[in-house]
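Here is what each chain is made of, one letter per residue.
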Amino acid sequence: MTTAAVAERPTAAGHDGRSFIQRYIFTTDHKIIGIQFLFMSLLFLIVGGLLALMMRWQLGYPGQPMPGGGMLPETMAPDGILLPEFYNSLVTMHGTFMVFFAIMPLLVGVFANFLIPLKIGAPDMAFPRLNMASFWIAVPAGLLMVAGFFVEGGHAGAGWTAYAPLSARPDLSGVSLGQIFWLLSLAILGLSSILGSMNYITTVVNMRAPGMTWFRLPLSIWSLFITAILVLLAIPVLSGAAIMLLFDQTLGTHFFNPVEGGQPLLWQHVFWFFGHPEVYILILPAMGMVSDIISNGSRKPVFGYHSMVFAIIAIAFLGWIVWGHHMFQSGMNPMLGTTFMISTLVIAVPSAIKTFNWLGTLWRGSIHFHTPMLNAIGFVAMFVIGGLSGIYMATTPVDIFIHDTYFIVAHLHYVLFGGSLFAIFAAIYFWYPKMFGRMMSERLGKVHFVLTFIFYNLVFFPMHFLGMGGHMRRIYDPTEYEFLQPFQPMNRFITVSVFFLVAAQVPFVVNFFWSLFKGAPASENPWKDNGLEWTVSSPAPHGNFAETPTVYHGPYEFSSPLVDDDYLPQSRAVDPQPRPAPAAGD
Amino acid sequence: MGWLPESASTYASDIDLGFWVITVIVGIAFVVVEAALVLFLVRYRARPGRRAAYIHGNTTAEVIWTAVPAITVVAIGVWSAGLWSEIKGRDNFPADAVHLAIEAKQFEWNVTYPGPDGQLGTEDDFTRRNALEIPVNRPVVVDLTAEDVLHSFFVPAFRIKQDAVPGMTIPVWFEATKTGEFELACAELCGNSHYSMKGRVRVHTAEDYEEWVRSQSSPEAGQ
Amino acid sequence: MAHAAVMSGAEPGAGVYTKKLGMWTFLASEVMFFTALIGSYIVLRFGAAETWPVPTETLNIPLTALNTFILICSSVSMVKAYAAAVDDDQKWLKIWLLATVIMGAMFVGVQVYEYYHLIHDHFLPSSGLFGSTFYTMTGFHGFHVSMGVLCMSWVTIKAFRGGYAGGKYQGVEVVGLYWHFVDLVWIILFTIVYLI
C-alpha cells in the first residue's frame, strides 16, 4: 500500500533529482501539466467574463460611457462609449475565449490530464513529452488570441462562429489582422488539442492497471475518453476550415466567396460539422465528473452505470449528424432541415436517460452536501433547463422565430455555464486536495455556490423572455427597434445581475489562492471516495503509485454490504462474504 | 400572452401554438424532474444510522424513461415536419402571390416591386429602400438575396426569418393578416451597423395597396 | 528528464503497442483534416455553376504522374526498410531508409518545381476555385510529405547510429505508417484533382 496520511509538501530539489524547471515549468508530469492548464484556463475564464461585463454594459445602458471606459483607446471606446465595431469584437471574443480557452481546456486540458493516469492506475500518460508539448503549444495560441485586440482594425468581430463572407472580407468588416490572428491562434490551439487527445486515448486503451476493465472505469474517465475521440476527429475539421478562411483572407482564394463560385454556406457546413461535436466535447466530461461526484455525495452507486456509458457513446456518435440544426434558416434545402431535426430530437433521449440516472443515484442515497456535491446538483438542475430549451430550437418551425435571438443565448448559457461551468466548479472543489494537498474552505465554497447559483439564474433565465420577444443576438443597440424598447428594463436587470454574478466569483478566487497556502492539509482520501487517486498521498506523488495497483471492483461501490465503511476503494480486495445484516435502515 | 410579439401572419399562430405546446410539455418535464430532485435532496439527506441503499439500477425504469422521452420527441417531430414544410418547403408556396425581390446589403433592405404589371423583371419595376409595402390577406413571395455578406430577413410579427446569402436567391413567403406597420430586422451579424439595419413593413388593405403601387409608378414617385 | 515509474502489468488494451496506437490516432486526425479540405473541394466542384477547368490544360500531368510513381516507390522502399528492421538486417535497413528519404525529397522537389512553373504561368491560389482548391490540397499534402521527409531523415540518422539494432523495429514501423498514409492521400488527390 502507499504513503502516509500526512500531506507531503514537495521540495525544490526533490529526491527524484528534477530541478525546479523540470518539476514545474517544462514538466512532463501529467498532474502538473493539468495544473498548468488550470491556471491558464481560469485566467481566460476571467478574461471572458470581463468581456461579457463590457458587452452587458452597452446592452443595459446603450451609448452611455462605461465606468472605467476612459481607459480604453479611442479605437475601442472614445470617451468611454463603446463603438459598434468594438462591441462586435467583444461578442466574438467572449465566445471565443470562453469556448476555446476556458471551458474546453478546463474540462479536457485540466481533468483529462490530471485524472486519467491516476484513476486508471498508471504512472503517467503514454507520451509524457508530447503532453508537455501540448500545454506549451496552447500558451502561444492564447497569447496570439489576446494580441488580436491590439492590432490595427481591432479584433475579429464576426462572432465566434466567424461566418463568411463577413469574416473573409476586411473591406466589409473593417477587420483584417484581427481575424487572421484569430484563425492562426485556433489552428495552433488545435494542434495542442490533437496532441492531447492522442495521449488520452492511447493511455486509457493501453495503460489501465490490472483489473481495471472497461466496465470498471469511472464515468469521468469514460466521458474523457469518448471526448478525446471527439476532439481527435472534430478539431482537424476546424483546422481545415480555418485554413480555407485564412487563405480567402490572405491568398485571394475563393472558398467562401460567391463571386468566383465559392459558397458562403460551405463555411457553415464545415464549421458546424466541427462545431456540434465541439459542444458535446464541452459537456460530456462535465457529465462524467458529475456522475462521480453525485455518487460520492450520495454514498450510493451510480444508478444505471451501463446505461450511462452507452448514453455517453450514443451522444458522441449522434453528435456527428446533427450539425445542420445550427443552419435551419441558413438557406440550405429545407428537406435537409427536416432530417437534421429528426437526429437532433433523437439526441435528446440519451441526455434524458442520463438525467434520470442522476436522479436515480440520489434516490435512497445518504446525501452529504459538501461543496462539490452542491455544484454537481446545480449542474443537474441547470442542465435540465438547458436541455429542455433545446427542444424549442430543434422544432424547426419554432426555430424560424427563435433562431438568432436571445432564446438561443439563454439555451447555450444554461448548458455551458449552468452545465459545464458548475461541473467544473464541482470538479475543482473535489480534486483540489489531490492537486495541492490542501482542503478548500467549505464555508467560502458554499457562499460561492449559493451566490453564483442565484445570480446566474437572474442573468440567464430572463434571456428566454428576451428571445420570445424577438430580441436578436449580437445587437449593439437594441433600442434602435421599437419592438425591443419595452425590453430595456429587462436588459438593465440582466446587466446589474451580471455585475453581482462576477462579484460572486470573488469568494472562489480568494478561496482558491488562500487555500493553496493556508488550507487545512488534506489527507489521502478526504471525500471517502473509491477512486484509485484517493489511495495515494495528497498531493499525489510524482509517478503516482509506488506499485501498480490491482483493481477488484467497479468505481461506485458505496454502502456495499461487503464492508462496514460506506465506501470501498477499487483497489481494496475484500472477502466476498457480506457483513452481518444492517440495523433497521431504509 | 404578451410575451410573444403580436401575431400578424397566417402561420404565426401555428408557430405560437407549437411554442406553447412545447412549453406545456417541457414545463411538465421541468416540474417533474426538478421536484423529484428537491424531494430527494430533502428526503434522502444523510442522517446518522442510515445507510444508502446499495442499488445499481433498474432495467424497467431505464426502459420507461427511455421510451417516454423517445415517444414525446417523435410526436414533436411529426408535428414539426408538417408545419416546417408548409412554411419553408419550396414546392408548397402559395399561388396568386405578390412577387417581390429583396436584396439585403450593408446596411439596408432594397425591395424591388413588380409595378402595375405584376411581373418582376419588367420595365415598370421599382425599388424602395427599407420599405416593404404589401397587401393584407394575400400571400407575398420574396426572392431574397444578399449583395455582400450574410444577412437575415426577420419580421417578428410574421414569425418569418430567412438568411439572405450572397450568390443565392432564396424564396420566402408570408401572408399578413393585419393591416398596420411592423418592423423588419436583420438577424444575422453583418458588420458594424448590423444593429441598425431595420426596415418598415406596411400592410395595406387591398385597395390602398393598389393605390400605392399606382402612385409609385408615376413620375413624381421615388425615394 | 526523469521517467515516471514503469507499470508492472496492465489490462490488455488494443493489442497494439503504445507508439503504434498513438500513430494510428494521429493518422485518424489527419484523415479528418484532409476530409475537410477534400470534402470542400468536392462540394465546390460539383456545385460550381460554370464548368470546371480541364486539368491537363493547366497542370503537367506526365510530370506529376512520374512524381506519383516516385512516391509509390518510396512506400515500397519503406516496406522493405520495415522488413529489414524486423529481421535485424541493419545494412539493408539503412539502404532502404536512405532510398525512402531520397525519393521523398525528390517528390517534394518536383512539386516545388511544379509550383514554380504554375505560378510563373500565373496560375495562382486566386485563380478561381480550381486554383484555390488545387493549391490548398496539394500544398498541405506537400507540407505533410516535407514533415515526413524530416522525420524519415531523423529515423535514418538514428538507424546509422545503430538505434534500431537488435530487432528494435517499432520506430521504423511507426514512421512507416505515417509515410504510407501520406502516399495514400496523394493517390486520392492525384486522381481527383489531376486526372478527373
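Conventions adopted
- Residues numbered from 1 in each chain as written.
- Chains lettered and ligands numbered in written order.
- Predicted model: local features only at pLDDT ≥ 70, side-chain atom pairs only at ≥ 80, totals over all residues.
- Heavy atoms only, no water.
- Axes fitted to C-alpha atoms, helices over the stretch in contact; angles between N-to-C directions.
- Helix = DSSP H or I, 4+ residues; strand = E, 2+ residues; numbered from the N terminus.
- Parallel < 35°, antiparallel > 145°, perpendicular 65-115°, else oblique.
- Left-handed = near helix turned anticlockwise from the far one by under 90°.
- Nonpolar A, V, L, I, M, F, W, Y, C, P; charged D, E, K, R; others polar.
- Contact = heavy atoms within 4.5 Å.
- Pairing = 2+ DSSP bridges.
- Buried area = accessible area lost by both parts, 1.4 Å probe.
- Salt bridge = Lys/Arg side-chain N within 4 Å of Asp/Glu carboxyl O.

### Comments concerning the packing of helix α5 (residues 128–160) of chain C against helix α6 (residues 170–195) of chain C
Residue and element names in this part refer to chain C. Axis separation between α5 and α6 bottoms out at 10 Å; the angle between their running directions is 160°. Viewed along their axes, α5 and α6 adopt a mutual orientation that is roughly antiparallel. Crossing geometry of α5 relative to α6 is assigned as left-handed. Considered class by class, the residues forming the contact of α5 with α6 number 19 nonpolar, 4 polar and no charged.

### With respect to the arrangement of the chains
Contacts are most numerous between chains A and B, considering all 2 pairs of chains that are in contact. Where chain B comes nearest to chain C, the C-alpha atoms are still 11 Å apart, and the two do not contact one another.

### Some details on the sheet that holds strand β3 (residues 126–129) of chain B
Residue and element names in this part refer to chain B. Spatially, 5 strands are ordered β3-β2-β1-β5-β8 in an open sheet, and the strand pairing comes out mixed. Lying at the two open borders of the sheet, with one neighbouring strand each, are β3 and β8 (170–175). Taken pair by pair, the neighbouring strands of this sheet meet at an average axis angle of 25°, ignoring direction. Where strand β5 (residues 139–146) lies against β8, 6 bridges are found, and the strand directions are antiparallel. Paired with Leu144 across the two strands is Ile170, which belongs to β8. Docked against the sheet, helix α3 (residues 206–217) engages β1 (98–105), β2 (108–113) and β3, running at close to 105° with respect to β3.

### Overview of the interface of chain C and chain A
Listed per partner, the contact involves 40 residues of chain C and 49 residues of chain A. For the pair chain C and chain A, the summed buried surface comes to about 3400 Å²; carbon and sulfur atoms form 71% of the total. Linking chain C with chain A are 0 salt bridges. Those elements that place two or more of their residues in the side of chain C that touches chain A are α1 (18–47) and α5 of chain C. In terms of residue count, α1 of chain C provides more of the side of chain C that touches chain A than any other element does, 16 residues in total. For the side of chain C that touches chain A, the per-class residue count stands at 23 nonpolar, 15 polar and 2 charged.

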